[in-house]
Amino acid sequence: MILGGTADANRLAAAVAAEPRIAAVLSFAGRTETPRLPPIPSRIGGFGGVAGLMDYLRAERIDRVVDATHPFAAQMSRNAVDACAATGVPLLALERAPWQAQSGDRWIEVDDLTAAAVALGAAPRRVFLGIGRQNLDLFANHPQHSYLVRLVDQPRGLLPLTNVEIVVARGPFDRDSDRALLEAHRIEIVVAKNAGGEAAVAKIEAARDLGLPVVMVRRPAIPPRRTVASVAEVMDWLAHDSTPTERGV
């Protein structure tokens, strides 16, 4: 089973689909209304915590689990660690490296989104929230700012922010387009999660080009687990009994 929700998971699903010896299912959390369906069977929705995930692994006779969720889907990753340990199902995480600050970056690194909202300061600013639709309520306590939010789906109801503009678009995005977006909306500061990878880095590059500060949220802590950085390494693990390189274990 692949725990998905990322471009990495989609690439892994495509690789698995081309391997007839592997039967796999891709599980989506269901936060995106119209996810890109993979070329393998899929399911949408949660499992009901660790116990529910354990029941699923046993009922479906899952042999291996690959956690290819978003780096900030920490609860799902923690549940996978616990459920796989309890059931004896081998677990491997496909984990992209976090972004590293480069010359020209003006990062303000914080531990969570609550701290990110505070880091915007008391003076009114034009803010690009590159964090998706979750946790927008944390910024509602700072109504002095004007917010630009980019979402995959058109929201069905009102967002918790009072002074907000919405852009509906699906990545991956490119540097030039994101620079044009920030300029068109006169953005003064960007808030981003350190997701890593290529699909969402354009906003970080655009902020660098424009000399804008970025409030960068560090990744949440996840229990030690076996990790690799590429689809090829996952496929090797699925095809053999060899133990993948352990990082952070």
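Each remark here, short or long, concerns the structure printed above.
Residues numbered from 1 in each chain as written. Predicted model: local features only at pLDDT ≥ 70, side-chain atom pairs only at ≥ 80, totals over all residues. Heavy atoms only, no water.

### Thoughts on the sheet that holds strand β4 (residues 65-67)
Then, number 1: Taken in spatial order, the six strands of this open sheet run β3-β2-β1-β4-β5-β12, and their pairing is parallel. Strands at the two margins of the open sheet, each flanked by one partner only, are β3 (42-44) and β12 (227-228).
Then, number 2: Relative to strand β2 (residues 26-28), strand β1 (residues 2-3) runs parallel, the two sharing two bridges. Considered in β2, the bridge of Ile2 is made with Leu26.
Then, number 3: Contacts from helix α8 (residues 231-239) reach β4, β5 (91-94) and β12 within the one sheet, and its direction differs from that of β5 by about 165°. (Pairing = 2+ DSSP bridges. Helix = DSSP H or I, 4+ residues; strand = E, 2+ residues; numbered from the N terminus. Contact = heavy atoms within 4.5 Å. Axes fitted to C-alpha atoms, helices over the stretch in contact; angles between N-to-C directions.)

### A few points about the pattern of salt bridges
Opposite charge on two side chains permits them to pair, given that their charged atoms come into close proximity.
Then, number 1: Scanning all chains against the criterion turns up twelve salt bridges.
Then, number 2: Look at the salt bridges and you will find they share partners, linking Arg175, Asp176, Arg179 and Asp209 into a network. (Salt bridge = Lys/Arg side-chain N within 4 Å of Asp/Glu carboxyl O.)

### Digging into the packing of aromatic side chains
Then, number 1: In this structure the tally under the stated criterion is two aromatic pairs.
Then, number 2: With a centroid separation of 5.2 Å and 65° between ring planes, the pair formed by Phe47 and Tyr56 is classed as edge-to-face.
Then, number 3: When its relative accessible area of 14% is taken as the criterion, Phe47 is described as buried.
Then, number 4: A relative accessible area of 18% places Tyr56 in the buried class.
Then, number 5: Here the basic side chain of Arg43 rests over the ring of Phe47, its NZ or CZ set 3.9 Å away from the ring centre.
Then, number 6: Lying over the aromatic face of Phe173, Arg150 brings its terminal NZ or CZ to 3.6 Å of the ring centre. (Phe/Tyr/Trp six-rings, centres within 6.5 Å; stacked < 30°, edge-to-face > 60°. Buried < 20%, exposed > 50% of the residue type's maximum accessible area, 1.4 Å probe, protein only. Lys NZ or Arg CZ within 6 Å of the ring centre and 35° of its normal.)

### So, the packing of helix α2 (residues 49-59) against helix α3 (residues 74-87)
Then, number 1: Their axes nearest at 9 Å, the elements α2 and α3 cross at an angle of 55°. In terms of orientation, α2 lies oblique with respect to α3. At the point where α2 passes α3, the crossing takes the right-handed sense. Along its contact with α2, which presents Gly49, Val50, Leu53, Met54, Leu57 and Arg58, the element α3 presents Met76, Asn79, Ala80, Asp82, Ala83, Cys84, Ala86 and Thr87. (Parallel < 35°, antiparallel > 145°, perpendicular 65-115°, else oblique. Left-handed = near helix turned anticlockwise from the far one by under 90°.)

### With respect to the pairing of β5
Working note: regular strand, side chains alternate between the two faces of the sheet.
Then, number 1: Of the two faces of β5, the one carrying Leu91 and Ala93 and the one carrying Leu92 and Leu94 are both buried.
Then, number 2: The pairing of β4 with β5 spans three bridges and is classified as parallel. In the strand pairing of β5, Val66 is matched with Leu92.
Then, number 3: In this fold, the crossover linking β4 to β5 by way of α3 has right-handed handedness.
Then, number 4: The pairing of β5 with β12 spans two bridges and is classified as parallel. Bridge pairing links Leu94 to Val228 in β12. (Right-handed = clockwise from strand over helix to strand, strands pointing away.)

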